[in-house]
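Spelled out, the chains give:
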Amino acid sequence: VLCWFYVYPVYRLPRDKDIVEEVLRQGEAWQKNQTGIDLYRKLLTECCDPKRMFAVTKENSPMGKVLWYDGEFYHSHTVNNETYSLFVQENPLQLPLKKCAVVGNGGILRHSKCGRDIDQADFIMRCNLPPLSKEYVEDVGTRTHLVTANPSIIEKRFQNLLWSRKAFVDSMKVYGSSYIYMPAFSMKPGTDPSLRAYYALADTSSNLTMLFANPEFLRTVGKFWKARGVHAKRLSTGLFLVSLALGLCEEVTAYGFWPFSVGLDEQPVSHHYYDNILPYKWFHAMPEEFVQLWHLHKSGTLRMRVGHCP
Ligand code: CDP
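Figured I'd write up the structure that's included with this text. (Residues numbered from 1 in each chain as written. Predicted model: local features only at pLDDT ≥ 70, side-chain atom pairs only at ≥ 80, totals over all residues. Heavy atoms only, no water.)

## A few points about the overall build of the chain
Okay, so step 1: Regarding its fold elements, the chain presents 13 helices and nine strands.
Okay, so step 2: The C-alpha atoms of the chain give a radius of gyration of 19 Å, which matches the 19 Å a tight globule of 310 residues would have.
Okay, so step 3: Here the C-alpha coordinates of the chain stretch approximately 55 × 50 × 45 Å along the principal axes.
Okay, so step 4: Evaluated residue by residue, the chain yields a buried proportion of 48% over its 310 residues. (Helix = DSSP H or I, 4+ residues; strand = E, 2+ residues; numbered from the N terminus. Rg over C-alpha atoms; globule rule 2.2 N^0.38 Å. Buried < 20%, exposed > 50% of the residue type's maximum accessible area, 1.4 Å probe, protein only.)

Given below as C-alpha cells:
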C-alpha cells in the first residue's frame, strides 16, 4: 500500500507558531506602496483581465460560446437562449473602485471591532453569504457591495430552492442591493442551484443583481497563484476576491483572513467568526495563501487587518 506522503511532494511551510511570531514582529506598521499596487494591477490585468472577465457577460460570452468548467475535467456549457438571457450586458461595476474591503470569514474578526472600519470602505466584498446579524455588526459591519454564494449553500441551507424560496429571498435582504457572485459554471452540480437562485431573486424583484463568476477568470487566477506557490486543488473564495480587488481597486484592505487556530494573543481562535466548522482538509491551502497575502501586506500592496481595529 502506498501512503499518500510517498506520492505527493511535501511543501515546506512555516509552522503556525512561526507565522504568528512573524506577524507580531511586524506589528501594526504598514505603509502603502503605490509601485506595488500598480505592479499587481498590471500583472493581474495581463493574466486574468478582471475588468472584462470576472463575470459571465453577454459581451464576453455570446450565444454559442463554450464555457469550460474550471473545477471539472472536460465539462462545458454552451451558451444558449436560456442562459444568455440571464447574463448582464457587460461588467456593471463603476471603475475604478477606490477603497475596497475584502472580508474573509475568519474567527479573528470576532471581537475585532472592525465593523466601522469595514463600513467606511467604498466597495465591500464578502464571502459565502455570511451572517450580518446584530451580534456581529460591531465586528464585521453592515454594508455589502458584492457577496459570493457557493451553490452548495443553496443546496444545504435552502433545500436547493425546490420548496419555498421565501427563506432564501428574505435572508438575502441583509445584503441590500449588492451583487451576488456565484460560480455557476465551476462544478457541474452547481449550475442548476445557481440558475434557481437567479430566478428566485428575479421573480421577487429583489434588489440584488446576480453575477455568474466566469470560469475562465477563475482558472487564470488559479494559475496566477499556482505560479506563486499556492498549491491547492482550488483557491479559497477569499483569495479570488482579493485578486479581483487588486485588479479593480485603488486600495485594498483585507479582514478576517487568519486560517490558524491560535490568535496573536496565543488564545484559541475559531475557524469562522460565527462558528467553528473546519474546512475539508486538503481542498484549500489557506495557510499557504496567508503567507502570500502577508507578503503583499509587508510590501505595502494591500493591507491585512489581523488584530483589533482602532
Ligand atoms: O468556502 P471557503 O472555505 O473558501 O470560505 P469560508 O470558510 O466561507 O471563508 C471565506 C474566506 O475567508 C476563505 O475563502 C478564506 O480566504 C478566508 N478565511 C481565512 O483566511 N481564515 C479563516 N479562518 C477562515 C476563512
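Still more to cover.
## Some words on the environment of Pro14
Okay, so step 1: With respect to the secondary-structure elements, Pro14 resides in the loop between α1 (4–7) and α2 (16–26).
Okay, so step 2: For Pro14, a relative accessible area of 39% translates into the label partly exposed.
Okay, so step 3: Residues Pro14 and Pro287 lie 273 residues apart in sequence; the distance between their C-alpha atoms is 9.0 Å.
Okay, so step 4: With sequence-adjacent residues up to four places away left out, Pro14 is seen in contact with Ile19 and Val291. (Contact = heavy atoms within 4.5 Å.)

## Things to note about the state of the cysteines
Okay, so step 1: Considering all chains together, one arrives at three disulfides under this definition.
Okay, so step 2: With a sulfur-sulfur separation of 2.0 Å, Cys47 is cross-linked through a disulfide to Cys48. For the disulfide bridge between Cys47 and Cys48, the dihedral angle about the S-S bond is near -85°, and by the sign convention the bridge is left-handed.
Okay, so step 3: In this structure Cys47 comes out as partly exposed when scored by relative accessible area, which is 30%.
Okay, so step 4: Between the sulfur atoms of Cys114 and its disulfide mate Cys309 the distance is 2.0 Å. Between Cys114 and Cys309, the S-S torsion sits near 90°, and that sign places the bridge as right-handed. Of the two residues, Cys114 is situated in the loop between β3 (97–103) and α6 (115–119) and Cys309 in the segment after β9 (303–305); the sequence distance between them amounts to 195 residues. The pair Cys114 / Cys309 is uniform in exposure class, with both members buried.
Okay, so step 5: Once the disulfide-bonded cysteines of the chain are ranked by sequence position, their pairing pattern turns out to be 1-2, 3-5, 4-6.
Okay, so step 6: Looking at the unpaired Cys127, the closest cysteine sulfur is the one in Cys100, lying at 14 Å.
Okay, so step 7: Relative accessible area serves as the criterion here: at 4%, Cys127 is assigned to the buried category. (Disulfide = S-S within 2.5 Å.)

Any functional reading would require information beyond the geometric quantities listed.
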